[in-house]
Amino acid sequence: MKPASACEATRADTPDQARSNAEALTRRVLHALECVTWPAHPPTLIESAERRGAPQDVIDALRRLPDEAFGSYPEVSALIVAAQLSARDATVQRGAATQG
């Protein structure tokens, strides 16, 4: 099996794969936030995730949340998925700009 070229590697991160990666992250976030009492602010969410031994990508995603009260896990999840997809789109656009 030959390694993928740089162009192939860039194309490999399709929108479906990006969404799948974002959904996997949100599942890890859900596990980390199972014991949270809602509504909750990001510091509470981060503290809960750290107590449950959440991986660093979960803590990082929670740190990027705006400082506001979240009423439920779906609110947090929606923002995390949107941020992940937005970051992927920005990376794709930067890559296209440097190639063009």
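Please read all numbers here as calculations on a predicted model, not as lab measurements. (Residues numbered from 1 in each chain as written. Predicted model: local features only at pLDDT ≥ 70, side-chain atom pairs only at ≥ 80, totals over all residues. Heavy atoms only, no water.)

A. Spatial organisation of the overall build of the chain. Within the chain one finds 5 helices and 0 strands. Listing every helix and strand of the chain by position from the N terminus yields α-α-α-α-α. Once local pairs closer than 6 in sequence are excluded, the contacts in the chain between residues at least 24 apart make up 59%. Counting every atom, the chain has about 6,600 Å² of accessible surface; 55% of that belongs to carbon and sulfur. (Helix = DSSP H or I, 4+ residues; strand = E, 2+ residues; numbered from the N terminus. Contact = heavy atoms within 4.5 Å. Areas by Shrake-Rupley, 256 points an atom, 1.4 Å probe, with all protein chains shown as cover.)

B. Spotlight on the packing of helix α2 (residues 15–32) against helix α4 (residues 56–63). Relative orientation of the contacting elements α2 and α4 amounts to 85°, with a least axis distance of 9 Å. Between α2 and α4, the angle is such that the two are roughly perpendicular. In contact with Leu-25, Arg-28, Val-29 and Ala-32 of α2, α4 contributes Asp-57, Val-58, Ala-61 and Leu-62. Taken together, the residues of the contact of α2 with α4 break down into 6 nonpolar, no polar and 2 charged. (Axes fitted to C-alpha atoms, helices over the stretch in contact; angles between N-to-C directions. Parallel < 35°, antiparallel > 145°, perpendicular 65-115°, else oblique. Nonpolar A, V, L, I, M, F, W, Y, C, P; charged D, E, K, R; others polar.)

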